[in-house]
Amino acid sequence: MARVFSGIQPTGDMHLGNYLGAVQRWVAEQDERDAIHCVVDLHAMTVAYEPAELAERTRRTAMLLLAAGIDPERTILFVQSHVRVHTELTWVLNCVASFGELRRMTQFKEKSEAQDFVSAGLFDYPVLMAADILAYDVDEVPVGEDQRQHLELARDLAIRFNHRFGDTLVVPRATFPSVGARVKDLQNPTAKMSKSSESPQGTLLLLDPPQVITKKIKSAVTDSGTDVRYAPEEKPGVSNLLEILAAASGTTIEQAEADFAGSGYGKLKTSAAEAVVEYLRPLQDRYEELARDPSEVTRVLELGAEKAEAIAEPVMARIRAAVGLLPRS
Ligand code: TYM
């Protein structure tokens, strides 16, 4: 079975982009893949954050993954900082990555522009991400479109490592969903939907109550004209709604487009809102159940870390030997 690995930041409240771009597939592929997924708390430390909130956000993100249908019997679910190999391998890969290639990462450029203080950790973010993946001999990494460049880097580092130190690392490849790989902000449909959006109205959170979801979708920015058509360049707002509707109701964009040909934006918005509300209902119900038993997620994550470590440690041992470090015993 192909092994998949992916990660998500512990914002504590996942948005629809995370779900459609990535998490939905993590759930759907559990039977066909050897699956490992991780809440990346160390990545969250690369920009300003509130230490008193990080642990709780990490727990809540893990609970959301369980509510979304991640089954700890079939998927290894764990917290990045619980497995030390991630940081150790980051150091080794730091010595394989070049300053120049990291400086060219577009997410670093964008994020560093928005910060007063740019940490070295933010610069190194993609190397930590490569370490996450390369520590597990991973074949596929299911992600949204915004992670494409980071995945290219992880591949490049694995190839360069193997070239320099001998065949040691599995070279992973990114996979993207056919619908929902780049969900846009409802208020600014040329930007991706993101937790750090300037307008919270533009981001649909998975735990938003039905009336909030409906309000956000009904006030989505649309485009000039009146026809419902999928044309991301010309009609970014309408195209985003069509994509959300298609993903939430399990159809294709072409089908959604055909269904709404001749109707106005109002009808499209009403239907998209209904589809998203129904789509998220089971997840919201399960989240409420899980919230009643907080010890469950602690247990899952503890077991997940043990299983993850059992895979990553032997890979790291191989890497230490390949780079020529003196064995401890
Ligand atoms: P993060 O936490 O920002 O997002 C988690 C996943 O959601 C996808 N995503 C989107 N997909 C479609 N439309 C959107 N608007 C949207 N916003 C987010 C992301 O592509 C991602 O798949 N660096 C990563 C986390 C990470 C990781 C890893 C991923 C750390 N280590 C190793 C894969 C493998 C991140 O910040 O994702």
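It should be noted that the structure appears before, not after, this text.
What you are looking at is a predicted structure, and each value in this text was computed from that prediction instead of being measured.

Draft legend 1. Layout of the overall build of the protein chain. From N to C terminus, the protein chain includes 13 helices and five strands. At 21 Å, the protein chain has a C-alpha radius of gyration in line with the 20 Å of a compact globule built from 329 residues. Principal axes of the C-alpha set define a box for the protein chain whose edges measure 70 × 45 × 40 Å. For the protein chain, with 329 residues in total, the buried portion stands at 51%. Long-range contacts, defined as pairs at least 24 residues apart, comprise 76% of the intrachain contacts of the protein chain with a sequence gap of at least 6. In the protein chain, which carries 36 positive and 48 negative side-chain charges, the distance between the mean positions of the two groups comes to 2 Å.

Draft legend 2. Local environment of the layout of surface pockets. Of the voids in this model, the second largest pocket is the one considered here, and its volume is about 200 Å³. Arg182, Lys184, Pro189, Thr190, Tyr230, Pro232, Pro236, Ser239, Asn240 and Glu243 together form the lining of the second largest pocket. Of the residues assigned to the lining of the second largest pocket, the class counts are four nonpolar, three polar and three charged.

Draft legend 3. Spotlight on the site of the ligand. Contacts to the ligand come from 27 residues, most closely from Gln9, Tyr125, Asp132, Asp146 and Val183. Relative to its free-state accessible area of 710 Å², the ligand is covered by the protein chains to the extent of 95%. Where the shell around the ligand is concerned, the elements lending two or more residues are strand S1 (3-8), helix H1 (16-28) and helix H7 (120-134).

Draft legend 4. How the structure looks around empty space enclosed by the protein. Scanning the model with the defined rule gives one cavity of 30 Å³ or more in all. Within this model, the largest cavity holds a volume of roughly 50 Å³. Lining the largest cavity are Gln107, Phe108, Lys111, Leu122, Tyr125, Pro126 and His150. Elements represented by at least two residues in the lining of the largest cavity include exactly helix H6 (106-113) and H7. Across the lining of the largest cavity, the residue classes tally to four nonpolar, two polar and one charged.

Draft legend 5. Spotlight on the pairing of S1. Counted residue by residue, S1 has five buried out of six residues, so it is predominantly covered. Taken together, the six bridges between S1 and strand S2 (residues 34-39) define a ladder with parallel strand orientation. Looking at the pairing, Val4 lines up with Ala35 of S2. With H1 bridging S1 and its parallel neighbour S2, the resulting β-α-β unit is right-handed.

Draft legend 6. Focus on unusual backbone geometry. One non-glycine residue, Asp137, lies in the positive phi region at around 50°. Relative to the elements of secondary structure, Asp137 occurs in the loop between H7 and strand S4 (140-142).

Draft legend 7. Expanded view of the pairing of S2. The buried fraction of S2 is high, at five of six residues. As judged from the five bridges shared by S2 and strand S3 (residues 75-79), these two strands associate in the parallel manner. Note on S3: the bridge partner recorded for Ala35 is Thr75.

Draft legend 8. Broad picture of the nonpolar core. Counting 55 residues, the largest nonpolar core has Leu16, Leu65 and Ile217 as the members making the most contacts within it. Among the elements that take part in this core, helix H12 (residues 265-291) stands out by supplying 12 residues, more than any other. Within the second largest apolar cluster, 44 residues are counted, among which are Val92, Val96, Ala97 and Leu151.

Draft legend 9. Spatial organisation of the pattern of salt bridges. All told, the structure shown has 23 salt bridges when counted by the stated rule. Put simply, Glu56 and Arg59 hold a salt bridge, and the shortest N to O gap is 3.8 Å. Here Glu56 pairs with Arg59, and both are found in helix H3 (residues 51-68), just three residues apart, close to one helical turn. A relative accessible area of 40% places Glu56 in the partly exposed class. Arg320 is the salt-bridge partner of Glu313, the closest N and O atoms lying 3.6 Å from each other. With a relative accessible area of 30%, Glu313 lands in the partly exposed category.

Draft legend 10. Up close: the environment of Gly180. Considering the arrangement of structural elements, one finds Gly180 in the loop between strand S5 (173-175) and helix H9 (210-218). Between the C-alpha atom of Gly180 and that of Gln24, which follows or precedes it by 156 residues, the distance is 9.9 Å.

Rules used throughout
- Residues numbered from 1 in each chain as written.
- Predicted model: local features only at pLDDT ≥ 70, side-chain atom pairs only at ≥ 80, totals over all residues.
- Heavy atoms only, no water.
- Helix = DSSP H or I, 4+ residues; strand = E, 2+ residues; numbered from the N terminus.
- Rg over C-alpha atoms; globule rule 2.2 N^0.38 Å.
- Buried < 20%, exposed > 50% of the residue type's maximum accessible area, 1.4 Å probe, protein only.
- Contact = heavy atoms within 4.5 Å.
- Lys, Arg positive; Asp, Glu negative; His and termini not counted.
- Charge placed at Lys NZ, Arg CZ, Asp CG, Glu CD.
- 1 Å grid on protein atoms, 1.4 Å probe; cavity = no way out; pocket = protein on both sides within 12 Å on 5 of 7 lines; lining within 4 Å.
- Points joined across faces, edges and corners; volume = space filled by probe spheres on them.
- Nonpolar A, V, L, I, M, F, W, Y, C, P; charged D, E, K, R; others polar.
- Near = heavy atom within 4 Å.
- Areas by Shrake-Rupley, 256 points an atom, 1.4 Å probe, with all protein chains shown as cover.
- Pairing = 2+ DSSP bridges.
- Right-handed = clockwise from strand over helix to strand, strands pointing away.
- Core = buried A, V, L, I, M, F, W, Y, C linked by side-chain atoms within 4.5 Å.
- Salt bridge = Lys/Arg side-chain N within 4 Å of Asp/Glu carboxyl O.

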